[in-house]
Structures are given as structure tokens and as C-alpha cells.
Amino acid sequence: LVCRLTCAAGGCVLPQIRKAKLIASYELHIKVKWEGKTADGQQGSGLIELPYVADENHDEDPEVRVLLPDENAAAQQLKAEILAKGKEPIHQAIRTYVQELRSGKPGNSSSAGNAAAAAANGSGSSGGTAAAAGATGRSAAAQPGSSGSGSTAAKKSSKRSVSLTEKFYARRQDIYDCFTVQGRIQAFTQSPAVVDVRPGGAFSWFNGNIAGTFAELVPGQRLVMSWRFNSWEEGCESQVEINLSEPEPGNTVLQLKHTGLPEADKYGHGDVQEQVEQGWRGQIFNRIRAVFGFGV
């Protein structure tokens, strides 16, 4: 009988529109903390882990691990129960989430509710319920028009920031162009982009999911711009400062400082700082290296 479940998901989800078709890129690492007791009252706890849920294997059931911090008899019994009865509900919850993600709309919301009720009653479907809570719940929260509890918090600019130093095998003008030339931006984002390269000029990437305004432009050397995600509260903007140096010809060092991040997005998710850092690394810098051959 599982009595409590707590789910956390790390990674990124990036919906894009290509030729009027929704393409969802995602890579998730899901962990579910569980605590429970056996029929005779013995207690145990551990983690259900899905280490890799990604678009490249959307047609495969992800690996499910049950990890135990304490190898006592009760924990072993609960682990066996989860593996015997919980893997299929977990896989079904992930299939539903992936289907919703790829279609751009939620499916039958009652299925998640029924699974949650089953877990609360100790029916043995607890593993799938936790995955549904972490995946389907967050997906539904991100639908336009949904009510979120974090609106007030999201409006607050905080002292949270991200600072990164990245190296590229490229001239610094090449890296500068990746932020200012529409064709290059669309090449590595694989989505529509608009860019007006002048102080005060607006830009948008990833089909409008990222937008901002250029404040300072020094070709080949420096960019300063406002920056916001469409998942942030209206009026909430951060500042991005990028400085480029080339200690040796063909070896560019990019220093990024992203300040003024909100405490939460408009849906109440408080992991903005982590998601922004992962986005810069995974969706921008690594893509630039891969697409243009600038990898180090």
C-alpha cells in the first residue's frame, strides 16, 4: 500500500511549429519519491526513476527503475509490488503524455484523475499515477487559459541569474551572427524567427516562444538585450548580456550573464532558473555547435 507520492521532472520541452505542424522536442528525467507500508504494517521508501524520456524514442516504453536507499524486507516487498503491478500504468501514463505533447492538446483528463484515485486507495497502480502527476499534470498546466497559482510571484523580478562561459571553434563574428542573422537563427532553432538588428529592434525565436529587444549591439563583440519567455507573466522581462572574445584565431569564448529571472512562471512553476540554464546549454549553445560544426 503506497501512502505518499512526490514527483519531480527535470529536462526541457520545446514545442515548435514547422510547416504548420506541431513538432515537440523533449528530453525528461523523471523521479518519483514513494513511501509506503506492507499489509502487515512494515514501512519502506524509495524512488521510481525514468532516466530518459525523449522524442527520439517516443515509440518505445522508457526504462523504469525502482531504487531503494534501504534494502530492508519491507522495501524489497514494495519494490517487487511496484515492478509487478506498476510498470504498465507508468508506461501508459507516459504514452498519454507523449500523445498529448505531440498533438498539442490534452487527452481525457479523467484518466489521470482515475489513476490518482486508484493510488490513494492503494490499488497497486501507484507508479503510473506518479508519472501521470509529474507529466500530464504539468502539461495541462501549460495549456493557454489554465489557472495558475503563481501569477503574483511570476511578476516579481528577482535576483536570480544564470552565468555561463562557453567555447566554440569559430570566429567570434560567426557566433555573433547566430544571434543576429535570421537564417542562422532559424537553422539551429529549426523554427520561425524574426530579427530586427538595431538598438530598439525586436526579435523572436522558436516561433515566438522567446522574444525581446536589442539594447546594445557591437558587431562581433557584444550583445545586450531584453529577453522573455511566453510562459512568463505579461510585463516580466529579463536581461541578457553576451560578450565574445577570441584569445586565438578560430577559438571564441562566449560569456553569458542572464539576470532578472522571475521567481516563477505564470503557471506557478518555481524552476525558472534551472530551466533557463538548461535551455541555453541544450537548445541554443549545443545546437549551434551541432548545426554549424562549431563544437569544442
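Please read these numbers as outputs of a predicted model, since none were measured by experiment.

A. Just the overall build of the protein chain, in detail. When helices and strands are tallied, the protein chain shows eight helices and eleven strands. Burial analysis of the protein chain (296 residues in total) assigns 41% to the buried set. Within the protein chain, counting contacts between residues at least 6 apart in sequence, those at least 24 apart form 55% of the total. Of the roughly 14700 Å² that the protein chain leaves accessible, carbon and sulfur atoms contribute 48%.

B. Region of interest: the packing of aromatic side chains. Applying the stated rule across the entire model yields eleven aromatic pairs. Look at F203 and W227: their rings are 5.8 Å apart centre to centre, the planes differ by 50 degrees, and that puts the pair in the tilted class. In this pair, F203 sits in strand β7 (residues 202-205) while W227 sits in strand β9 (residues 222-229), placing the two residues 24 residues apart along the sequence. Among the residues examined, F203 registers a relative accessible area of 4% and is labelled buried. On the basis of an interplanar angle of 25 degrees and a centroid distance of 5.5 Å, the ring pair of W280 and F285 is categorised as stacked. The exposure class of W280 is buried, given its relative accessible area of 2%. An aromatic cluster is defined as three or more aromatic residues linked by ring pairs; in this entry it consists of F168, F179, F188, F203, W205, F214, W227, W280 and F285. Its end group placed over the ring of F292, R184 keeps NZ or CZ at 5.3 Å from the ring centre.

C. Geometry of the packing of helix α6 (residues 172-180) against helix α8 (residues 272-292). Interaxial distance between α6 and α8 falls to 12 Å at its minimum, and their mutual angle equals 120 degrees. With respect to each other, α6 and α8 are oriented oblique. In this structure, α6 meets α8 at a crossing whose hand is right-handed. The residues of α8 that touch α6, namely those facing I175, C178 and F179, are W280, I284, F285, I288 and F292. For the contact of α6 with α8, a count of residues per class yields eight nonpolar, no polar and no charged.

D. Up close: a negative patch on the surface. A cluster of acidic residues, E27, E56, D59 and E60, forms a negative patch on the protein surface. Tracing the sequence through the fold places E56 in the loop between β3 (43-54) and β4 (65-67).

E. Structural view of the confidence of the model for the protein chain. When pLDDT is averaged along the protein chain, the result is 79, and 73% of the positions lie at 70 or above. Per-residue pLDDT stays below 50 along residues 107-155; that stretch engages in 70 contacts with residues further than four places along the chain or on separate chains.

F. Just α8, in detail. Between its first and last C-alpha, α8 extends 28 Å over 21 residues, near the 30 Å set by a 1.5 Å rise per residue. Roughly 30 degrees is the biggest bend found in α8, and it falls at N286. Where α8 terminates, the next one or two residues include G293, which has phi positive at roughly 75 degrees.

G. Region of the structure containing the side chain of E166. Following the sequence through the fold, E166 ends up in strand β5 (residues 157-168). For E166, a relative accessible area of 8% puts it in the buried group. Side chain to side chain, E166 and R281 meet in a polar contact 2.9 Å long. Within the structure, the side chain of E166 is placed 2.6 Å from the side chain of R289, a separation counted as a polar contact. Other than its neighbours up to four places away in sequence, E166 contacts T252, V253, L254, R281, F285 and R289.

H. Fine view of the nonpolar core. In terms of nonpolar packing, the biggest core is built from 36 residues, with F179, W205, I242 and W280 touching the most fellow members. The greatest single-element share of this core, amounting to six residues, is contributed by α8. If near-sequence neighbours (up to four positions away) are discounted, W280 is found in contact with L164, F179, W227, V240, I242, L256, H258 and F285. Counting 20 residues, the second-largest nonpolar core is a separate cluster that includes Y26, V32, V53 and L68.

Definitions and limits used
Residues numbered from 1 in each chain as written. Predicted model: local features only at pLDDT ≥ 70, side-chain atom pairs only at ≥ 80, totals over all residues. Heavy atoms only, no water. Helix = DSSP H or I, 4+ residues; strand = E, 2+ residues; numbered from the N terminus. Buried < 20%, exposed > 50% of the residue type's maximum accessible area, 1.4 Å probe, protein only. Contact = heavy atoms within 4.5 Å. Areas by Shrake-Rupley, 256 points an atom, 1.4 Å probe, with all protein chains shown as cover. Phe/Tyr/Trp six-rings, centres within 6.5 Å; stacked < 30°, edge-to-face > 60°. Lys NZ or Arg CZ within 6 Å of the ring centre and 35° of its normal. Axes fitted to C-alpha atoms, helices over the stretch in contact; angles between N-to-C directions. Parallel < 35°, antiparallel > 145°, perpendicular 65-115°, else oblique. Left-handed = near helix turned anticlockwise from the far one by under 90°. Nonpolar A, V, L, I, M, F, W, Y, C, P; charged D, E, K, R; others polar. Patch = residues over 30% accessible without salt bridge, like charges linked within 9 Å, V, L, I, M, F, W, Y side chains within 5 Å. Salt bridge = Lys/Arg side-chain N within 4 Å of Asp/Glu carboxyl O. Lys, Arg positive; Asp, Glu negative; His and termini not counted. Charge placed at Lys NZ, Arg CZ, Asp CG, Glu CD. pLDDT = per-residue confidence, 0-100. Expected span 1.5 Å × (residues − 1). Bend = angle between axes of the 7 residues up to and from the residue. Polar contact = N/O pair within 3.5 Å; in protein donor to acceptor, adjacent residues only side chain to side chain. Core = buried A, V, L, I, M, F, W, Y, C linked by side-chain atoms within 4.5 Å.

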